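Results of the structural survey
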Amino acid sequence: EEKQPNIESLMKDALYNEPCRPRVTGKFDEHDAMLLAGHGGLTADDLLEPLRRRLSERIGARLAPSQPPRELIPLGSGVARTPYFCSGCPHNRSTKVPEGAAVGAGIGCHTMTLLMDSDGFGDIVGLTCMGQEGAQWIGMAPFVETDRIFQNIGDGTYFHSGQLAIQGAVAAGVDVTYKLLWNRTVAMTGGQDPQGMLGVAEVCRVLLAQGVARVLVTTEDVARYHRADLPDGVDVWPRTRLMEAQGLLSQVKGVTVLIHDQQCAAEARRERKRGTVEAPRRRVFINERICEGCGDCASISNCLSVQPVATEFGRKTRIDQTSCNFDYSCMEGDCPSFMTVTRPGRLRSRLRRITGRDRATTRRRAEAAAVAPTDLDDPVAVVPTDDLSVRIVGIGGTGVVTVSQIIGTAAMFDGYEARGLDQIGLSQKAGPVVSDLRLYRGAEAASNRLGEGQADVLLAFDQLGAASPSGISRADPARTVVVGSTSQTPTGAMVAHPDRAMPEPAELEAAIAAVTRSDCRHWVDAQAMTESLLGNSVTANVFVVGMAVQAGALPLSPGSVEQAIELNGVATASNLEAFRWGRTMLARPAAVDAAVSDGRAHRSRRPELDDELAARVRAVAAAARFDQAPPDSEVSTDTGYRGHVDLALMASELCAYQSSKLADAHLDFVEAVAAADEARGDGSRRLTEAAARGYFKLLAYKDEYEVARLMLDAEAVAEARQIAKSTGGRLAWNLHPPILRAMGMKSKIAVPVAWTPAIRLLASMRRLRGTVFDVFGYTKVRRAERALPREYRAAITADLERLDVIGYEAVLARAELPETVRGYEGIKMAAVAEMRSELKRA
């Protein structure tokens, strides 16, 4: 908040009547030069230099020597974690506007559109205080060419004072469309009920009575309004028609209101946890083998749970099951990779309980779960034990504040006094969370907020946040130990732009290593560990706490921490196991590795290559030097996969895709590129790698036969099948076949696993691909997919002949073009057109 000079003003008032009143300086000095900024946070560090300037003339000899300013080296990628809409938040869609629209911002969660580097939210023309939404347009409208604006306003703001702004716009006679974002809670400040709230029907009547020209309602569940007593002329549309609704209202003269009715996702999640609302029966999964990583599902849903992930087949997309809020918007993407598991209804669930199947499933899970050892050696402290300063950096919504409270409670059990400060702001919306803890015995800590270089311990639940100024500014190379997780959680900007990559853990670790002690740094992928050991990653932060305790970075007795976890009373059993496994990670790493290996699903076997093809693969790999590890600095980072090119994997996939003849064609091309790269390249092998990946991607295009084959891939559907098996749910594929789409079907259909024989039959018909009997091959998309490998090979072959003329980097850029060809149907055709345009350039 703005820092007002309250003490300064009071002192001036008190001294005003003095006959010889002194000059009082505060925000400004005696020359009216600013001493302290009136915006942003005001910390002790901010006071040092202003105080030094004021005191140096009087007591300069007694002042501590001035320390040189610390220079924080920014990350090369420029990626930062900022607040974002929650997974499944209605604002992910309700704040989207037609292209080129002007939008008025206001107070509420929807304000975060100002922080989002994403398309579709419009051009913001003003940010008003609560109750003045749209008032800026009353003054602007006569002086600009824009016809109208869309003004966002939350229901909490509307009932507080925002309805007066709508009345003002009606009275002023301006053209404005208010988007009343009706999520039934004051989500920005904790989920309170809006005071004085009326129903949608009553609000519609009030608005129309006040002179609003037209009111329209959109919602994710139209059935909710079947018996609603809405005024005449108020229509209810599904949320899929949101853009159409805005276009319609923008054509109506005067003030119009669009009410988007959809419950706050965070509040719905709380209600499900409390048991007051039944969780949806359907869960969504993505078959990563079918997924093209085009980002269409993320673009439609704008959801944080739709996350890009790097695989050996390139960048793909997956659903984070731990944060998914069952919005299902992502399924509207034009992609056949989505699967659903539908849990049994109440009758089937009751039958499972009666027959004992639920108990048997629970028993099998308990028997299969690994149990952490409890006979570990006592940790030895590596930090001060009487006065300890801890900075915790994590991600909003993952329990960072809760873990901070657990540590503080455990410290009090061990005889410490604890002071803490949680700096959250909008961080509950997946932004950065910073918690400071001061643990002391004896003299009281001067402050509960850490200054520069004052952290004894840096707990990095989020490595990206810890490598930001909020983390490394509090660290000191001679003082700070670090314990953290290398798990990569995509930022909101990465969801909106899947082509953006997270900084590598090595880069982040290096930035943190520069400001921390070299003798005590501990990193592990905590999310992957807890996922393998416990079946989910929600306890990853507690796992890191276990590591910190065992490392001696938190000088607390393990028994006190466990007692604090039990006192917290939330998911006690899993949190205790996560804490114990975290300790085991440092005390007995071999035991953790063994447990993780037992918990991981075995990789499905690749098709065996015949001896002749296997020998050819080895020869080409040797010629391309793929059997040697490439320099880290020269590994391509824009394909979503930083690993080595695996020619054997590509060959086996092409054999399964069509035949060994196709694998031979791929090897021929790679061999030719490798020869030119070896003779006239820069020694990095980047061109050969790009060509190998690109040509493979174009050859193995995903037509109906390939999609059918990958639908049955055991590894790709292992998670969904496991959930279906353990819950008794029904697994189904969700498809939108091009033929049915051409016949006018607008939505996907659920294909149950009972159709597996038909899917297997379709996959076996791959031999028809490209022949006159290929009924799917006559479509525009399939013709383009068949032609593109030939065009790409011809273009790159021609480039290799003049490699010295056009330059290595230019040829490399063209060789990487297939990575831009993603998606299905219309999305893919647009990408194909761009690639062809680039290939035709000289």
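**Some remarks on the pattern of salt bridges**
Counted according to the given criterion, the structure contains 47 salt bridges. Across the pair Arg616 and Asp664 runs a salt bridge whose closest N-O atoms are separated by 3.4 Å. Of this pair, Arg616 sits in helix H22 (residues 611-623) while Asp664 sits in helix H24 (residues 660-680); the two residues are 48 residues apart in sequence, bridging distant segments of the chain. Exposure remark for Asp664: the relative accessible area of 29% places this residue in the partly exposed category. Its salt-bridge partner being Glu838, residue Arg841 comes within 3.5 Å of it at the nearest N-O pair. Salt bridges sharing common partners tie together Arg289, Glu653, Glu706, Arg709 and Asp713.

**Concerning the packing of aromatic side chains**
Tallying each qualifying case throughout the model produces 9 aromatic pairs. Pairing Phe85 with Phe121 gives two aromatic rings, centres 6.4 Å apart and planes at 80°, and the pair type is edge-to-face. Of this pair, Phe85 sits in the loop between helix H2 (44-59) and helix H3 (91-94) while Phe121 sits in the loop between strand E1 (102-105) and strand E2 (123-127), and the two are 36 residues apart along the sequence. Of the two residues examined, Phe85 and Phe121, each falls in the buried class.

**A word on the environment of Ala268**
Among the structural elements, Ala268 can be located in helix H8 (residues 265-274). Distance in space between the C-alpha atoms of Ala268 and Ile407 is 29 Å, their sequence separation being 139 residues.

**Topic: helix H32 (residues 808-815)**
Residues Tyr808, Val811, Leu812, Arg814 and Ala815 constitute the buried set of H32. Down the axis of H32, the smallest arc covering the buried residues is 160°, so these residues share one side. Taken together, the buried residues of H32 touch H24, helix H25 (686-699), helix H30 (780-801), helix H31 (803-806) and helix H33 (825-840).

**Looking at the environment of Leu114**
You can see Leu114 is positioned in the loop between E1 and E2. Each C-alpha atom of the pair Leu114 and Ile124 lies 7.7 Å from the other, and the pair is 10 residues apart in sequence. Once residues within four sequence positions are removed from consideration, Leu114 is found in contact with Ala105, Ile124 and Leu127.

**What about the sheet that holds strand E18 (residues 730-735)?**
The sheet built from 4 strands is open, its strands ordered E8-E11-E18-E19 with antiparallel pairing. Each edge of the open sheet is held by one strand with a lone partner, namely strand E8 (282-286) and strand E19 (749-752). If you compare each strand with its neighbour and ignore which way they point, the axes differ by 35° on average. Examined bridge by bridge, E8 and strand E11 (residues 338-342) share 5 bridges and lie antiparallel to one another. Looking at E11, one finds that Arg282 is bridged to Thr342. Those strands touched by helix H27 (residues 718-727) are E8, E11 and E18, and its axis lies near 10° from that of E11.

**With respect to helix H7 (residues 242-249)**
Residues of H7 that are buried: Leu242, Ala245, Gln246 and Leu249. Projected onto a plane normal to the axis of H7, the buried residues spread over an arc of 95° and lie on a single side. Tucked inside the fold, the buried residues of H7 contact H3, strand E3 (149-154), strand E4 (176-182), strand E5 (214-219), strand E6 (235-238) and strand E7 (255-261).

**Things to note about unusual backbone geometry**
The backbone of Arg184 shows a phi angle near 70°, a positive value even though the residue is not glycine. Mapped onto the fold, Arg184 is located in the loop between E4 and helix H6 (200-209). Arg184 sits in the partly exposed class, given a relative accessible area of 30%. Phi angles above zero are rare outside glycine, and Tyr328 is one such case at about 70°. Along the polypeptide, Tyr328 turns up in the loop between strand E10 (314-319) and E11.

**Here we look at the packing of H30 against H33**
Contact pair H30 / H33: the axes reach a minimum separation of 11 Å and the direction vectors enclose 25°. The orientation of H30 with respect to H33, classified from their angle, is roughly parallel. The element H30 and its partner H33 pack so that their crossing is left-handed. In this structure, H30 uses Lys780, Val781, Arg782, Ala784, Glu785, Ala787, Leu788, Glu791, Tyr792 and Ala795 to contact H33, whose residues at the interface are Glu825, Lys828, Met829, Val832, Met835, Arg836 and Leu839. Along the lines of polarity and charge, the residues of the contact of H30 with H33 split into 10 nonpolar, no polar and 7 charged.

**So, the sheet that holds E7**
Judged by pairing direction, the sheet is parallel, and its 7 strands sit side by side in the order E2-E1-E3-E4-E7-E5-E6 without closing on themselves. The outermost strands of the open sheet, each flanked by one partner alone, are E2 and E6. The mean inter-strand angle of the sheet, taken between neighbouring strand axes irrespective of direction, is 25°. With 2 bridges connecting them, E1 and E3 associate as parallel partners. Paired with Gly104 across the two strands is Gln151, which belongs to E3. On top of the sheet, helix H5 (residues 155-172) reaches E3, E4 and E7; it is set at about 170° to E4, its chief contact.

**Structural notes on the pairing of E4**
In terms of burial, E4 is a largely internal element, 7 of the 7 residues being buried. Across the two faces of E4 the burial is the same, with Val176, Tyr178, Leu180 and Trp182 and Thr177, Lys179 and Leu181 all buried. Crossover handedness for the path E3 to H5 to E4: right-handed. Bridge analysis of E4 against E7 gives 7 bridges, and the strand direction is parallel. Bridged to Lys179 within E7 is Leu258.

**Re the packing of helix H12 (residues 400-413) against helix H18 (residues 540-551)**
It is the contact of H12 with H18, at a shortest axis distance of 10 Å, that shows an interaxial angle of 35°. Remark: the crossing between H12 and H18 carries right-handed chirality. Where H12 approaches H18, its residues Val400, Val403 and Ile407 are matched on the opposing element by Asn541, Val542 and Val545. Split by residue class, the contact of H12 with H18 holds 5 nonpolar, 1 polar and no charged.

**Thoughts on the confidence of the model for the protein**
Residues at a pLDDT of 70 or more form 92% of the protein, whose mean pLDDT is 88. pLDDT under 50 marks residues 630-642. Its contacts with residues more than four places away, or in other chains, come to 30 contacts.

**Observations concerning a nonpolar patch on the surface**
Judged by side-chain polarity, Ile107, Leu114, Leu115, Ile124, Leu127 and Met130 come together as a nonpolar surface patch covering roughly 470 Å² of accessible area. Structurally, the position occupied by Ile124 is in strand E2.

**Details of the environment of Asp229**
Among the structural elements, Asp229 can be located in the loop between E5 and E6. Measuring from C-alpha to C-alpha, the distance between Asp229 and Ala201 comes to 6.2 Å, with 28 residues separating the pair along the chain. Those residues in contact with Asp229, other than ones at most four positions away along the chain, are Ala201 and Arg205.

Reading the values: rules and limits
- Residues numbered from 1 in each chain as written.
- Predicted model: local features only at pLDDT ≥ 70, side-chain atom pairs only at ≥ 80, totals over all residues.
- Heavy atoms only, no water.
- Salt bridge = Lys/Arg side-chain N within 4 Å of Asp/Glu carboxyl O.
- Helix = DSSP H or I, 4+ residues; strand = E, 2+ residues; numbered from the N terminus.
- Buried < 20%, exposed > 50% of the residue type's maximum accessible area, 1.4 Å probe, protein only.
- Phe/Tyr/Trp six-rings, centres within 6.5 Å; stacked < 30°, edge-to-face > 60°.
- Arc of directions from axis to C-beta.
- Contact = heavy atoms within 4.5 Å.
- Pairing = 2+ DSSP bridges.
- Axes fitted to C-alpha atoms, helices over the stretch in contact; angles between N-to-C directions.
- Parallel < 35°, antiparallel > 145°, perpendicular 65-115°, else oblique.
- Left-handed = near helix turned anticlockwise from the far one by under 90°.
- Nonpolar A, V, L, I, M, F, W, Y, C, P; charged D, E, K, R; others polar.
- Right-handed = clockwise from strand over helix to strand, strands pointing away.
- pLDDT = per-residue confidence, 0-100.
- Patch = residues over 30% accessible without salt bridge, like charges linked within 9 Å, V, L, I, M, F, W, Y side chains within 5 Å.
- Areas by Shrake-Rupley, 256 points an atom, 1.4 Å probe, with all protein chains shown as cover.

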